[in-house]
Amino acid sequence: MARTEPAGPAALLTVPEVMARLKLGRTAVYELIRSGRLSSLTIGRARRVPVSALRDFIANETGEAA
């Protein structure tokens, strides 16, 4: 069954939300972003991570990338 992406603000995660989902600290998450392994975008001064980028990161790290 195909999963659909959530629309609107729910499709973007804050850094603390990513930290909770990955069970990593702030520094580790920002290092993933800085290194380009985790895609993100900046809106004003706020950093957001698309849910799809987090899903892709997890798939790449677990070797499930298609």
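Residues numbered from 1 in each chain as written. Predicted model: local features only at pLDDT ≥ 70, side-chain atom pairs only at ≥ 80, totals over all residues. Heavy atoms only, no water.

A.B. asks: Summarise the sheet that holds strand E2 (residues 41–43); cite the residues concerned and give the values.
C.D. replies: One open sheet accounts for three strands, arranged E1-E3-E2; its pairing is antiparallel. The two strands at the open ends of the sheet, each matched to only one other strand, are strand E1 (12–14) and E2. Sheet twist, expressed as the average angle between the axes of neighbouring strands with direction ignored, equals 45°. Against the sheet, helix H1 (residues 15–22) makes contact with E1 and strand E3 (46–50), and its axis sits at roughly 85° relative to E1, the strand it touches most. Of the strands in this sheet, E1 and E3 touch helix H3 (residues 51–61), which is tilted by about 60° from E3. (Pairing = 2+ DSSP bridges. Helix = DSSP H or I, 4+ residues; strand = E, 2+ residues; numbered from the N terminus. Axes fitted to C-alpha atoms, helices over the stretch in contact; angles between N-to-C directions. Contact = heavy atoms within 4.5 Å.)

A.B. asks: Describe the nonpolar core, and please don't skip the residues or the numbers.
C.D. replies: Among the nonpolar cores identified, the biggest contains 14 residues, and Val-18, Leu-22, Val-29, Leu-38, Val-49 and Leu-54 are the most heavily contacted of them. For this core, the secondary structure elements donating two or more residues are H1, helix H2 (26–35) and H3. Leave out the neighbours within four places in its chain, and Val-29 touches Val-15, Val-18, Met-19, Leu-24 and Leu-38. (Core = buried A, V, L, I, M, F, W, Y, C linked by side-chain atoms within 4.5 Å. Buried < 20%, exposed > 50% of the residue type's maximum accessible area, 1.4 Å probe, protein only.)

A.B. asks: Describe unusual backbone geometry, listing the residues and the values that go with them.
C.D. replies: A positive phi is found at Lys-23, a non-glycine position, where the angle reads about 55°. Relative to the elements of secondary structure, Lys-23 occurs in the loop between H1 and H2.

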